Amino acid sequence: MAANFDPFASAPAPAAAPSASPPVAAANPFDNFGFVAPAANANNSGGSANNNAVNDWQQSAGDMWNNLAASAKVLPLATSTSSAHGSSSSLAPPKKGARRIIPYTSPISTLETNWDPWLFAAQSSSPQSLWTNGGNTCTYLVVRANDACCLAGGVESVLKWGKKKSDRPAGAGGVGVEAELGTFDRQLNLSESQESNGPSAIGYGSVHSSLNSDSGKQKAPSSGGVGRSMRLLKSGLKKAQQSFEQGVTTMAIKADGGKNPDQVCASLHYCGGWNGQAANVTMANALGFGRDGVVGQGVGRDVADVCLSRTEWVPLPSRDAGEEESDGVLFSIPLCVPDLSFLEAAPDGSGAGVHLTVRLYIRSGAALLKAVANAGLKREYCVGESALLYSNVVQLMSGAQQQSANGARSCGAVNMPFTSGMLAETSSFSRSSSFSSASSGDAPAALHITATPRVKFGPVCTQGWSLTDPVTSAPAGPSNWLKMFNLPLDQGYAFQMLQSHLHQHQLLNASQGQTPVQEMDQSNSVILLANERAVESAVVLPLATACARMFSAAATQSKTLAETAAAKTRKKETVYLHPQDEPRNNAVVEAALLDGCADVELGVVALVMLGDAPEVDVNVGFACGAGFENGPPSVKASLSFQPPHSIFEESLVAGSCPLLDEQSGAGYINGSIQPLGGPNEVIKTRFCPRVMTGLDDLLPGLAGTKPNGRYVGNIRLEVMVGYANSAVDTISSGISGSTAVEGLIELESYLDDARMTGGKVPVMAPAIDANTGARIGTFVLCLRVQTNEKWSPAASPVEEASASAGLVSVAGLDTLTEELGISPYLDCDAPPPNSQLVASPPTPRGMRRRQIATMGSFLSPRFLGNQASIRHEDANALSGRFVKYLDAISATEDLDEDSGLPLFERRSPKPFRPSASRGDALLSGIGFNVHVQSLSLNVLQDGCAPIQAAATQSVTHGAPADHAAGFGGGASAEGGLGDSSKDSAPRGGLRRLEGKRLEFAKELDESVAGLITAVGDHFKSRAQAAAARQAAGVKPSRHVPPNLRAVTHYRTKAVESAQRLHQLNWEVAVRRANCFSQALGIAVTSYLASLSDGGPAWRGHAAIWARHGYLITWEGLLSAVGKELGMIEDASVAIALLRMVGVVLVPDDGASNSAPNDNTRQRIPVPHSPYVRWVNLVYATSSGSHSKTQYRLEIGLDPAHYQSRVPDPLKNGAAVRFFPVLFQMGVDIRQWGANAGRNVQSQIKDKKVGLADTGDANNDGEEGDDENGGSLLDDGDEDDEVGVADSEILMKLNVEGARKLNAYAHSANPVTAGVTAATSPPPVFGSMEQQQAQPLPIHPSVVPLSEAIKSSAGKMEHSVLDRAATVCQRLGGGGTVFCKSGKDRTAMQVTFKQAQFLERFANKKELATALEDAAISYDDVFAKSTLMRKHGVRIPICEKNAGEPKLAFNPLQRKFMPEMLRPDASLCTWSKPET
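Note that the coordinates shown come from a computational prediction; the quantities given were computed from them, not determined experimentally.

K.L.:
Would you explain helix α35 (residues 1418-1431) in this entry?
P.N.:
The α-helix advances 3.6 residues per turn, and as a result positions three or four apart in sequence lie on the same side. Taking 1.5 Å per residue, 14 residues should reach 20 Å; α35 reaches 20 Å between its end C-alpha atoms and fits that length. Residues of α35 that are buried: Val 1421, Lys 1424, Ser 1425, Thr 1426, Leu 1427, Met 1428, Arg 1429, Lys 1430 and His 1431. Those residues of α35 that are buried lie in contact with β5 (305-310), β13 (489-496), β26 (931-940), α34 (1385-1403) and α36 (1434-1442).

K.L.:
Help me understand the packing of aromatic side chains in this model?
P.N.:
Here a ring pair, both rings aromatic, is described through the centre-centre distance and the interplanar angle of the planes. Within this structure, the stated rule accounts for 14 aromatic pairs. Between the aromatic rings of Trp 465 and Tyr 1171, the centroid separation amounts to 5.9 Å while the plane-to-plane angle is 90 degrees, which identifies the pairing as edge-to-face. Taken together, the residues Trp 465 in the loop between β12 (446-453) and β13 and Tyr 1171 in the loop between β30 (1164-1165) and β31 (1172-1180) connect sequence positions 706 residues apart. We classify Trp 465 as buried; its relative accessible area is 2%. Measuring from centroid to centroid gives 6.2 Å for Phe 1392 and Tyr 1418, while their planes differ by 20 degrees, and the two rings are stacked. Here Phe 1392 is found in helix α34, whereas its partner Tyr 1418 is found in helix α35, with 26 residues between them in sequence. One aromatic cluster is present, formed by Tyr 1087, Trp 1105, Tyr 1110 and Phe 1218 through successive ring pairs. Geometry around Trp 118 places Lys 456 over its ring, the cationic atom sitting 4.5 Å from the centre.

K.L.:
Looking at this structure, I do not really get the packing of helix α32 (residues 1343-1350) against helix α33 (residues 1359-1370). What am I missing?
P.N.:
Packed helices, taken two at a time, are described by their axes: the angle between them and the distance between them. For the pair α32 and α33, interaxial distance at closest approach is 9 Å and the crossing angle is 165 degrees. Regarding the angle of α32 to α33, the classification is roughly antiparallel. Our pair here, α32 against α33, has a crossing hand that is left-handed. When α32 is examined against α33, the residues Pro 1344, Leu 1345, Glu 1347, Ala 1348 and Ile 1349 are found in contact with a partner set consisting of Ser 1359, Val 1360, Arg 1363 and Ala 1364. Per-class residue counts for the contact of α32 with α33 are six nonpolar, one polar and two charged.

K.L.:
Is there a simple way to think about the pairing of strand β3 (residues 139-145) in this case?
P.N.:
Remark: a regular strand shows side chains that alternate across the two faces of the sheet. Of all seven residues making up β3, seven are buried, and the element is well covered by its neighbours. Side chains Thr 139, Leu 141, Val 143 and Ala 145 of β3 all project onto a buried face; the interleaved residues Tyr 140, Val 142 and Arg 144 project onto the opposite face, where all are buried too. As defined by bridge partners, β3 adjoins strand β8 (residues 335-337) across three bridges and the pair is classed as antiparallel. By the bridge assignment, Tyr 140 is partnered in β8 with Cys 336. Here β3 runs beside β12; their pairing, made up of seven bridges, is antiparallel. For Val 143, the partnering residue across the bridge sits in β12 and is Ile 449. Note: β3 against strand β7 (residues 329-330), two bridges, orientation antiparallel. Bridging from a neighbouring strand, Arg 144 pairs with Leu 330 of β7.

K.L.:
So what exactly am I meant to see when it comes to the nonpolar core here?
P.N.:
Generally speaking, nonpolar side chains in soluble globular proteins are found buried as a group. Counting 192 residues, the largest nonpolar core has Leu 1080, Tyr 1087, Trp 1114, Leu 1193, Ile 1195, Phe 1218 and Phe 1223 as the members making the most contacts within it. For this core, the element with the most residues is helix α23 (residues 1045-1091), which contributes 20 residues.

K.L.:
How do you make sense of the confidence of the model for the protein chain when you look at a structure like this?
P.N.:
Low pLDDT means the predicted coordinates in that region are not meant to be read closely. Here the protein chain shows a mean pLDDT of 77. Residues at 70 or above account for 73%. Across residues 614-627, confidence stays below pLDDT 50; counting only partners more than four residues off in sequence or on other chains, it has 22 contacts.

K.L.:
Where do I start with the packing of α33 against α34 in this structure?
P.N.:
Where α33 contacts α34, the two axes come as close as 12 Å, and the packing angle between them is 55 degrees. In terms of orientation, α33 and α34 fall into the oblique class. You can see that α33 and α34 cross each other, and the crossing is right-handed. Counting all contacts with α33, which are made through Leu 1361, Asp 1362, Ala 1365, Thr 1366 and Gln 1369, the residues of α34 involved are Gln 1389, Phe 1392, Lys 1393, Gln 1396 and Arg 1400. Within the contact of α33 with α34, the residues separate by chemical class into three nonpolar, four polar and three charged.

K.L.:
What exactly am I supposed to notice about the side chain of Arg 99 here?
P.N.:
Here Arg 99 lies in the loop between β2 (86-88) and α3 (111-123). Among the polar contacts listed, one links the side chain of Arg 99 to the side chain of Glu 112, at a separation of 2.4 Å.

K.L.:
Even after reading the chapter, I still don't get the pattern of salt bridges, so can you show me in this structure?
P.N.:
Should the charged atoms of two oppositely charged side chains come close, the side chains can pair. Throughout the structure, instances matching the rule amount to 46 salt bridges. Ionic pairing is found between Glu 1296 and Arg 991, a salt bridge with its closest N-O pair at 3.8 Å. Placement of Glu 1296 in helix α30 (residues 1288-1308) and of Arg 991 in helix α21 (residues 990-1021) is noted, with a sequence separation of 305 residues between them. Glu 1296 sits in the partly exposed class, given a relative accessible area of 28%. Arg 992 serves as the salt-bridge partner of Glu 1129, at 2.8 Å between the closest nitrogen and oxygen. Here Arg 992 lies in helix α21 and Glu 1129 lies in helix α25 (residues 1122-1137), a separation of 137 residues in the sequence.

K.L.:
How do you make sense of empty space enclosed by the protein when you look at a structure like this?
P.N.:
Unoccupied space between atoms shows up once a probe the size of one water molecule is rolled over them. This structure, assessed with the given rule, holds 18 cavities of 30 Å³ or more. The space that makes up the largest cavity amounts to roughly 440 Å³. Residue lining of the largest cavity: 27 residues in total, with Thr 113, Leu 308, Ser 309, Cys 336 and Arg 454 positioned closest to the centre. Broken down by element, the lining of the largest cavity gets its largest block of residues, four residues, from α3.

K.L.:
Just checking my understanding: could you explain the pairing of strand β32 (residues 1190-1197) for this structure?
P.N.:
Among the eight residues of β32, six are classified as buried, and the element is accordingly described as predominantly covered. Both β31 and β32 contribute to a ladder of eight bridges, which runs antiparallel. Following the sheet pairing, Val 1175 is matched in β32 by Ile 1195.

K.L.:
Would you explain the sheet that holds strand β33 (residues 1215-1224) in this entry?
P.N.:
For sheets, the rule is that strands pair by backbone hydrogen bonds, running either parallel or antiparallel. The sheet built from eleven strands is open, its strands ordered β13-β14-β26-β27-β34-β28-β33-β29-β32-β31-β30 with mixed pairing. Every interior strand has two partners, whereas the edge strands, β13 and β30, have only one. Bridging between strand β27 (residues 947-958) and strand β34 (residues 1374-1379) involves four bridges; their strand directions are parallel. Bridge pairing links Val 955 to Thr 1376 in β34.

Parameters and conventions
Residues numbered from 1 in each chain as written. Predicted model: local features only at pLDDT ≥ 70, side-chain atom pairs only at ≥ 80, totals over all residues. Heavy atoms only, no water. Helix = DSSP H or I, 4+ residues; strand = E, 2+ residues; numbered from the N terminus. Expected span 1.5 Å × (residues − 1). Buried < 20%, exposed > 50% of the residue type's maximum accessible area, 1.4 Å probe, protein only. Contact = heavy atoms within 4.5 Å. Phe/Tyr/Trp six-rings, centres within 6.5 Å; stacked < 30°, edge-to-face > 60°. Lys NZ or Arg CZ within 6 Å of the ring centre and 35° of its normal. Axes fitted to C-alpha atoms, helices over the stretch in contact; angles between N-to-C directions. Parallel < 35°, antiparallel > 145°, perpendicular 65-115°, else oblique. Left-handed = near helix turned anticlockwise from the far one by under 90°. Nonpolar A, V, L, I, M, F, W, Y, C, P; charged D, E, K, R; others polar. Pairing = 2+ DSSP bridges. Core = buried A, V, L, I, M, F, W, Y, C linked by side-chain atoms within 4.5 Å. pLDDT = per-residue confidence, 0-100. Polar contact = N/O pair within 3.5 Å; in protein donor to acceptor, adjacent residues only side chain to side chain. Salt bridge = Lys/Arg side-chain N within 4 Å of Asp/Glu carboxyl O. 1 Å grid on protein atoms, 1.4 Å probe; cavity = no way out; pocket = protein on both sides within 12 Å on 5 of 7 lines; lining within 4 Å. Points joined across faces, edges and corners; volume = space filled by probe spheres on them.

Structure below.
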């Protein structure tokens, strides 16, 4: 519906200005397009200087407050005064920061063009006056050129028209067409020279007036003949170049012969000549063009022609002769009209308002011109222009017949005939000489303009808005929401939709007071406006804070567990002394006594054989009775300690001791034999065994056997008597045979011996035959056992911390040692005391646990102490992270210290974490580059408020992986985290590390089994001797000697495996915590987005979520090689962990602010969210700990919103569990190399080696390196070294994902007769559950996906991701898209999904057809996705992360990408911005 005004009335003459006169409308529009180069000192934003300072403006609101503190604030336009020299205004341009108006410089959207006007409003001293309509102050003009604008002959007809004009009679004004077009090309060229070379600073029109007469200009004085000659020479060269370019252009156009359609575009301009001087001065300040930041005389004359906006280039429709007229050309990119109300207030004395100009351009589509990079050859010609008042635009927006229920502004439309230019002279050309006369018609060439609001800030509870969007209220000082969040990114697209197709949709909000489709006027055209937005999530940082709080407490508990285990193990450990360090030994002994040890000193004097000792008495007596001049005969002896808690003896000392018969022995001992002069301790040892009690873990059957209740252990002496075993040192060879002789000293018997207070006392220990138990002699010893009388054991066992509260358990990780019963129980709770003895008869597993329980500790105190230190550091890091995150959420005064840095260099905790911060450990818990990207579809009809039709949302982000920890080596058993120098240290991400855990657990199990077997073999070999010893009255031996090789081998291997496993358990637990924290924020963002208006929750899926879980599909684009393989492994585990989360929506009770308690103190506030108040994350062990741990996430919502907007199935404490499914497909050259079985880097290196072998190693043109020395694989973001490849993992993950998705489909959309989603069983998630469940057939909706996965082996099959996303949409789930950085490959995938959704909506032909089943053309999908990639929000997201508005793809990478994800070459770069 057209508004009631005449926008085409002649514009009043602008206010008089010195040296300026208003242009007179002329038949030739080129007559008015003059140009004056900008002054050298002007703050021109359109030249190369702006590129050199590309990051100057790149500041969020936090930077603005810092800048404003040191410079003059930008004030709203106040009363200005006029003078003879012009006018001045109080609207001074900011010295640094945002601008109010951003001229058009490039078709590629940037942060500057997307943000600056709103940042200007935010930094204003009166932001409320500028923040009108919820911040949505700009207006879109959707432009359609009617059929009369589609010039037959295209550019050739323009040239003919120009030729005709050049032949007019002398005095008619004007110049030849060549000169006219050449002059125009130098002034108002909108060429896209950057299409092949990336965005560049190109002219958007002059900001300095060409309307000033030559007489008004101050010419420089002549410098004489030389200067004049140089000027003439330059002028001649310039004309020659222009003539050459014009000739080449003409030849290219004629050579093409119309094979390629010409292209047209529309643009919006502010022309200083049509507006008053006061408005021009104000406009110059808004553009930041004041000279040196000073507003003064002459500034108003510097604004001549500023291009404010421009559409894309659209091919002219082609028609055969006799065809009917077309609908013309609809431009998909709307013109954007900034908020120019401040210009309306500028007094110019006329009251005429602000004049704007809309122009239509045409350029040749000749193939030759597309291929060249010379901008001078790509000529564009203005074929017409129309005048438009800014007040008319406002009137179009406010003069509608209806308003929506939520007060949204309406859209209005008007037809605008051309007022000048070729299209305005309908009599001067024929639109179609080859068409029938009826095709020419009477309708003049005109533009159909539809005005509609530009929605940067989505109104709450509307399509495209999400619960995770930050509040969009007006800024109110330095503590506003812009301090934490960056502005949304947005772009609109206009498409034509058939009325018949529109009637096949149930519009989402037809019940909210808007015009139903059925009531639309069928005679009006229908435009589908797609509004694309990318908004940062308000819940990412609070959830990362909640995770940091939970995991820091768990890590602290784990540190305590390690300290307790170390102390407990140390309490059982014997303290050994250094034989050569007596002073130090005394201090060690003193400390050991205070710690509950006994001080034992033992000296061996001799082994005296009894007179009736069998077989050796005669020979020994003969030997011992003679030859004492050289000392007594001796034998080799060894001493070992038998601890009361372990069957394994510990070696003490070995040496030689005298071997005497009974007679000689007595004389030797009493000193009657000379020359020795008395007993001599030939073997000495001193050590400090622990004094244990019945409360300690003792060997079975030992508890209660000592009357004093204290257990120290035994010392076993062993000698081998016999020449055959070489045990005898100096005894004569007359001894025959060999006999093992043992002696045993029970230390508990001497604990309270008063004789030992003064030193060692003689002790006689029976020496028995080890095989028969018969006594054959006596060991003569000197012994002292001393304890600390003040030390007393604990009366009751110390209550140990629960391992279920430790990080390993809270991270959902089984230690893999629980079933083995490996002691000490570091990260799992110990069984009840003596539980290994309870079962009778014992089960095989119980019997094994009993056996292992007798083997003591498998973790050394040193290892446990090192673990405690590592865990202490990690706990402090997590605790510090929690404090930093919470401070960032709660901060209301000071700005962050890095606020002056560009976005991609900032490292403070914020909801937006740039991908360049991947290596920052502090930010490891925050998902990076997280955006909610939405595409909302609105039906535009003249005079009506836009009708919300449909919406789709995806969460885009970087891979949830522990980039800071890296993907190299982990740690050695005795070392700490990050000790990658060890070759045995595991490498990779979580999936690989957890596979390595299974290997370590298997090694440990095998080692323990071998140890048990070796111990059993020993006891079996001693069975006969044990029976004989028992018959002789000797106590059975409980211990294993220390010199058994098999036992020593397996025990050493078991200890190493146990320590490696526990070390890796901790590393994996910390890594899980970091990755899970990132994944949780992303998943909750998706869930709340789906819960928002227009999401699946409002399409009947809420009840399915409550019963079967919220389905969320993760679409990964990583390559299974090098570091990205590690990221895949991290992400796959982190995503699977989300299954353990149950999300509960609760109304906020306000207790967290009024009367906090232990529960509400754990609530993490969600600042700047309109409805989400807080989050609270806790773990629960009601179903078990470790892998059975569950997380409960409570989200407090505004009570009113909870009652009115949350679906009933999700209320009253309903816990919705996530059902995450991952699909992964590499889409770049690295994946191609991995699929080929060999990566490209290896091929390049092989080629280099081959050149060296042939003597051509010095070849300067080595393939693979660019002219700057960079590799073809270098793309800035993908800073990955090429490492191990595993193409099989993609197939495994996709098969696993398809199985899970198939199970969910059978539950949410059952195909079995009589079964509904409300009665179907919950889907099976885990692989172990799947093995126990009944096999399911492939669900019909999953069949295409299954076929795609089968065909994807060994190749990049993008259809896997496409079909998985389609199934997810059909089942009412949410989706996320990620690559390593979340900006480049992610951009390709998410724009493809949006274009696909748009095509499906526009081409749905039957009401009963599901949207996912609509037939679409993938050529149209690719065209629309290319449009979104070039003009949409993804390039600015690249700039947020890397500092440059480019995609990090080089030509080689682009070539190997799937066609649907292949970007336009103009968007790619070879630079490395992040490095």
